[in-house]
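# What the coordinates show
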Amino acid sequence: MQNRIKQIARIWTPPTQMEGNGVKSVKVLGSNELRQLNPFLLLDFGFSKLPQGFPDHPHRGFETVTHQIKGKMLHEDSTGHQGALEPGDVQWMTAG
């Protein structure tokens, strides 16, 4: 098997947008700019401070992985299940 060096096709700066109730989110993967990637792949880098967050919204048919880098976050779903995340914690959620 021959090794092939791949060339960088594009350097891209992801957009920053506000979501929910004041959460600043960087859309690293999952935007229209990177349509060639699997549409079921999404990577956000978010920044928020209390009382910011997201209003109630439906989750079904997907999985989320949250890695809490710093600060704390309380995640609660519409059925009342909840989990508190602290720095270094990882939460895997199966929705639907």
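Here goes a summary of the coordinates provided. (Residues numbered from 1 in each chain as written. Predicted model: local features only at pLDDT ≥ 70, side-chain atom pairs only at ≥ 80, totals over all residues. Heavy atoms only, no water.)

Time to look at the overall build of the protein chain. Looking only at helices and strands, the protein chain features 0 helices and 7 strands. Its helices and strands taken in sequence order, the protein chain reads β-β-β-β-β-β-β from the N to the C terminus. A total of 96 residues make up the protein chain; the buried ones form 16% of that total. Look at the contacts in the protein chain between residues 6 or more apart in sequence, and 33% of them connect residues 24 or more apart. With an accessible surface of roughly 8600 Å², the protein chain has 55% of that area assigned to carbon and sulfur atoms. (Helix = DSSP H or I, 4+ residues; strand = E, 2+ residues; numbered from the N terminus. Buried < 20%, exposed > 50% of the residue type's maximum accessible area, 1.4 Å probe, protein only. Contact = heavy atoms within 4.5 Å. Areas by Shrake-Rupley, 256 points an atom, 1.4 Å probe, with all protein chains shown as cover.)

Once that is clear, we can look at the side chain of Q68. Within the element layout of this structure, Q68 appears in the loop between β4 (62-67) and β5 (73-76). A polar side-chain atom of Q68 sits 3.1 Å from the main-chain carbonyl oxygen of K70. Apart from the residues within four sequence positions on either side, Q68 is in contact with M73, L85, E86, P87, G88 and D89. (Polar contact = N/O pair within 3.5 Å; in protein donor to acceptor, adjacent residues only side chain to side chain.)

Now for the pairing of strand β6 (residues 82-85). With burial as the criterion, only one face of β6 is covered, namely that bearing G83 and L85; the residues Q82 and A84 on the opposite face remain uncovered. Sheet topology note: the β5/β6 ladder contains 4 bridges and is antiparallel. Bridging across to β6, H75 finds its partner in G83. The turn joining β5 and β6, which pair antiparallel and follow one another in sequence, is formed by 5 residues; a positive phi near 95° is taken by G80. (Pairing = 2+ DSSP bridges.)

Further remarks concern the environment of E76. Its place among the elements puts E76 in strand β5. Through-space distance from the C-alpha of E76 to that of D56 is 9.3 Å; in sequence the pair is 20 residues apart. Excluding anything up to four places from it in sequence, E76 contacts H81 and Q82.

Inspection of the secondary structure assignment puts E19 in strand β1 (residues 16-19). Within polar-contact distance, the side chain of E19 engages the side chain of Q17 at 2.9 Å. Apart from the residues within four sequence positions on either side, E19 is in contact with S25, K27, D44, G53 and F54.

A word on the environment of N21. Tracing the sequence through the fold places N21 in the loop between β1 and β2 (23-29). Spatially, the C-alpha atoms of N21 and S48 are 9.2 Å apart, while their sequence positions differ by 27 residues. In contact with N21, other than residues within four places in its own chain, are Q52, G53, F54 and P55.

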